[in-house]
Amino acid sequence: MPRRRRPRGDLAVAAALAALALAAVVAEGGDGGAVFDYRKLSGIIIPGFASTQLRAWSVLDCPYSPFDFNPLDSVWLDTAKLFSAVNCWLKCMLLEPYNQTDHPECKSRPDSGLSAITELDPGYITGPLSSVWKEWVKWCVEFGIEANAIIAVPYDWRLPPSMLEERDLYFHKLKLTFEIALKLRGGPSLVFAHSMGNNVFRYFLEWLKLEIAPKHYIKWLDEHIHAYFAVGAPLLGSTEAVRAALSGATFGLPVSEGTARLMFNAFDSSLWLLPFSKYCKADNVYWKHFFEGKGGSPYRQQCDEAEYISDYSGWPTDLVNIEVPSVRDMGAYPSITDITEDITSSMECGKPTLLSFSAREVSDGTLFKTIEDYDPQSKALVYQLEKYYQGDPVLNPLTPWERPPIKNVFCIYGIDSKTEVGYYFAPSGKPYPDNWIITDIIFEFEGSLISRSGNSVSGKPNNSSGDGTVSYNSLSWCKNWLGPKVNITRTPQAEHDGSDLQAIMNVDHHHGQDILPNMTRAPHVKYITYYEDAESLPGWRTAVWELDKANHRNIVRMPVLMRELWLEMWHDMHPDSKSKFVTKAFRGPLRNEDCRWDYGKARCGFPEHCEYRYVFGDVHLGMSCRLKNTSTNLLQQYL
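Because the structure is a prediction, the values reported are computed rather than measured. (Residues numbered from 1 in each chain as written. Predicted model: local features only at pLDDT ≥ 70, side-chain atom pairs only at ≥ 80, totals over all residues. Heavy atoms only, no water.)

Caption draft 1: Representation of the side chain of Gln53. Within the secondary structure, Gln53 is located in the loop between β3 (42-46) and β4 (54-56). At a separation of 3.1 Å, a polar atom in the side chain of Gln53 contacts the side chain of Arg55. The contact partners of Gln53, leaving out residues within four places of it in the chain, are Trp76, Arg109, Pro110, Asp111, Ser115, Ala116, Glu119, Leu120 and Pro122. (Helix = DSSP H or I, 4+ residues; strand = E, 2+ residues; numbered from the N terminus. Polar contact = N/O pair within 3.5 Å; in protein donor to acceptor, adjacent residues only side chain to side chain. Contact = heavy atoms within 4.5 Å.)

Caption draft 2: How the structure looks around the pattern of salt bridges. Using the criterion set out here, one finds 30 salt bridges in the structure. As a salt-bridge pair, Arg261 and Asp375 come within 2.6 Å of each other at their nearest N and O atoms. Note that Arg261 is positioned in helix α12 (residues 257-266) and Asp375 in the loop between α18 (366-370) and α19 (378-390), a separation of 114 residues in sequence. Each of Asp156, Arg158, Arg167 and Asp168 takes part in one network of salt bridges that share partners. (Salt bridge = Lys/Arg side-chain N within 4 Å of Asp/Glu carboxyl O.)

Caption draft 3: Representation of the state of the cysteines. Here the structure, examined in full by the defined rule, presents six disulfides. Linked covalently through their sulfurs, Cys280 and Cys303 form a disulfide whose S-S length is 2.0 Å. Residues Cys280 and Cys303 are joined by a disulfide whose S-S torsion is about 105°; by sign, that bridge is right-handed. In this pair, Cys280 is assigned in strand β10 (residues 280-282) and Cys303 in strand β11 (residues 301-303), connecting sequence segments 23 residues apart. Judged by relative accessible area, Cys280 falls into the buried class, the value being 1%. Relative accessible area serves as the criterion here: at 21%, Cys303 is assigned to the partly exposed category. Between the sulfur atoms of Cys604 and its disulfide mate Cys625 the distance is 2.1 Å. The sign of the S-S torsion, about -90°, decides the handedness of the disulfide formed by Cys604 and Cys625: left-handed. Linking Cys604 in strand β23 (residues 603-604) with Cys625 in strand β25 (residues 625-627), this pair joins segments that are 21 residues apart in sequence. In this structure Cys604 comes out as buried when scored by relative accessible area, which is 6%. Note on Cys625: relative accessible area 1%, which makes it buried. (Disulfide = S-S within 2.5 Å. Buried < 20%, exposed > 50% of the residue type's maximum accessible area, 1.4 Å probe, protein only.)

Caption draft 4: Fine view of helix α10 (residues 214-224). Along α10, the residues that are buried comprise Tyr217, Trp220, Leu221 and His224. Within α10, the buried residues cover an arc of 95° as seen down the axis, which keeps them to one side. Every exposed residue of α10 that faces more than 90 degrees away from the buried side is listed here: Lys215 and Lys219. Those residues of α10 hidden inside the fold are in contact with α8 (170-185), β8 (189-194), α9 (196-211) and β9 (225-231). (Arc of directions from axis to C-beta.)

Caption draft 5: Spotlight on the side chain of Asp618. Tracing the chain through its elements places Asp618 in the loop between β24 (610-612) and β25. At 2.8 Å, the side chain of Asp618 and the side chain of Ser624 are in polar contact. Here the side chain of Asp618 touches Arg626 through a polar contact of 3.0 Å, side chain to side chain. Residues in contact with Asp618, not counting those within four places in the same chain, are Arg613, Met623, Ser624 and Arg626.

Caption draft 6: Fine view of the environment of Leu355. Tracing the sequence through the fold places Leu355 in strand β13 (residues 353-357). C-alpha separation for the pair Leu355 and Tyr424, spaced 69 residues apart in sequence, amounts to 9.6 Å.

Caption draft 7: Region of interest: the pairing of strand β20 (residues 527-533). With seven of seven residues buried, β20 is to be regarded as a mostly interior element. The alternating pattern of β20 places Tyr527, Thr529, Tyr531 and Asp533 and Ile528, Tyr530 and Glu532 on opposite faces, both of which are buried. In the sheet, strand β18 (residues 485-492) pairs with β20 via six bridges, with the strands oriented antiparallel. Directly across from Pro492, in β20, lies its bridge partner Tyr527. By the bridge criterion, six bridges tie β20 to strand β21 (residues 541-548) in an arrangement that is antiparallel. Counterpart to Asp533 in the pairing with β21 is Thr542. (Pairing = 2+ DSSP bridges.)

Caption draft 8: Inspection of the packing of aromatic side chains at higher detail. Counted by the stated rule, this structure contains 30 aromatic pairs. Taking 5.9 Å as the distance between ring centres and 75° as the angle between the ring planes, the aromatic pair formed by Phe178 and Trp220 counts as edge-to-face. In this pair, Phe178 sits in helix α8 while Trp220 sits in helix α10, placing the two residues 42 residues apart along the sequence. There is no split in this pair, since Phe178 and Trp220 are both buried. Geometrically, the ring pair formed by Trp597 and Tyr612 is edge-to-face, given 6.0 Å between the ring centres and 70° between the ring planes. Of this pair, Trp597 sits in strand β22 (residues 597-598) while Tyr612 sits in strand β24, and the two are 15 residues apart along the sequence. Trp597 sits in the buried class, given a relative accessible area of 17%. Its relative accessible area of 45% is what places Tyr612 among the partly exposed residues. One aromatic cluster is present, built from ring pairs that chain together Tyr155, Tyr170, Phe171, Phe178, Phe201, Tyr203, Phe204, Trp207, Trp220, Tyr228 and Trp272. (Phe/Tyr/Trp six-rings, centres within 6.5 Å; stacked < 30°, edge-to-face > 60°.)

Structure follows, in structure tokens:
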């Protein structure tokens, strides 16, 4: 009798996981915590800046254009309307800078559900180009995750944190989302936040602290959140926010930099991403709420002595170097001596003054106050900064944050990409919004500082570089959340048999200092470096994953990241798991896409798990390499 053959190997994986899920009942820790199984978990996704669809909530007639805006029409992102009616489109996008109200002729609101974050501009061509979380959701579907187990919580990413709650009650809704997920599935949630979504989640935790009774705060977190995955978190801000505020950043959109700057400065959320000093903290808002009331005056920001004796506020170099005109007040009738000096030193008198600003001077508004006379937008930026950030009643987001009080925290980001860390600006002679031009850019790249013009750069480069958008010192701030003893493991990102794994156990970690593993790197090999601590902080488990060359905007689409997340979740919920973290000794294929053809040996790679199985439509040998039906044995190796 012929053997029946499954049409797809990954269906075997899903079936095996489903069978394991039925039997997987795990006690949380050993401290008498709640008991739950794999099927009870929910995944809650908090997207980043500009990663949620916005839809029109008005009727707007666009003259000289075949397109109009009607309720529920896509605004962000509809490239067809952006091309044909940019002025009309801007009316639906822009907010009033001082109070964040909508344009009188058009308003937009965030879409809801998973469709709001999977593709920003669905379409045959535009869909793949604007894909954000689609691959993530597809991965979950392939591995048998239930439809109601993945919940997206989109938000209006144009608004500052306090306005999210004031206008949309966003944080009330987010709290209810966690509570409904617990009631619906019976277990806590996994939080996946990307980029600015981490800032949103941080603000939510502080808001929640003031919303519920203090003695119930930790209990609520333990009941509703099992793990927090911080992906590409700008924990100390991003220098690109400064570039966007002063000259505009198009991010590939078909608009001019001036239009991009006009739009960026209309969104008060843009200041949420400003870089700030790691040495400056704010007054204890939690204490002030209980003893001074919620209507108190804006709290002060206190900087440690280290801020004034160190260079660059803990960043690699000065963030902003800007030229401003030199002004000499000679009066209406200058003396003959002044006229003579002007003639003899006209070159020097015409030379502009170059001013430099550190991260602290950017986040406390010193930069914008200094250029108020030369930039009409600076006054609005100072107002936004003081009202929505320095004067926020819950939290000053432009201050370093401590480890969230969640049992399991995973901080994940890319490293060693060329990342902007400083700029030189000069007046362009044009009116706002094109009144500044960038004359030079300072990059960090693999432990060194380089400038676009080739000039020498003074500074203190990080040991690695960032992810192409956020610098390394900002991404790696979460290493301070690790305890005094850390296990470090470095492995290739691609599938491997463990022969090239490097591990160091119980490495001493001093708070505030980076951990530098003494490990080798083979050329042209991309690695993942894991920093893991499950012992030195009682009751807490913390891990930091550094992915070589992972781009900030594309990291949530990386198969390598999704594989590691899946294995970690599966390992945590399995009743037979023997270690605190999933083993790194072996990484075999999990899906048909992971199998490849080994041309040197004329067979499929990983022959113990992959086999050659041609299916009509395969166009190369690698496509015909598919998983065998023994995936359950493969998954057992990760316990």
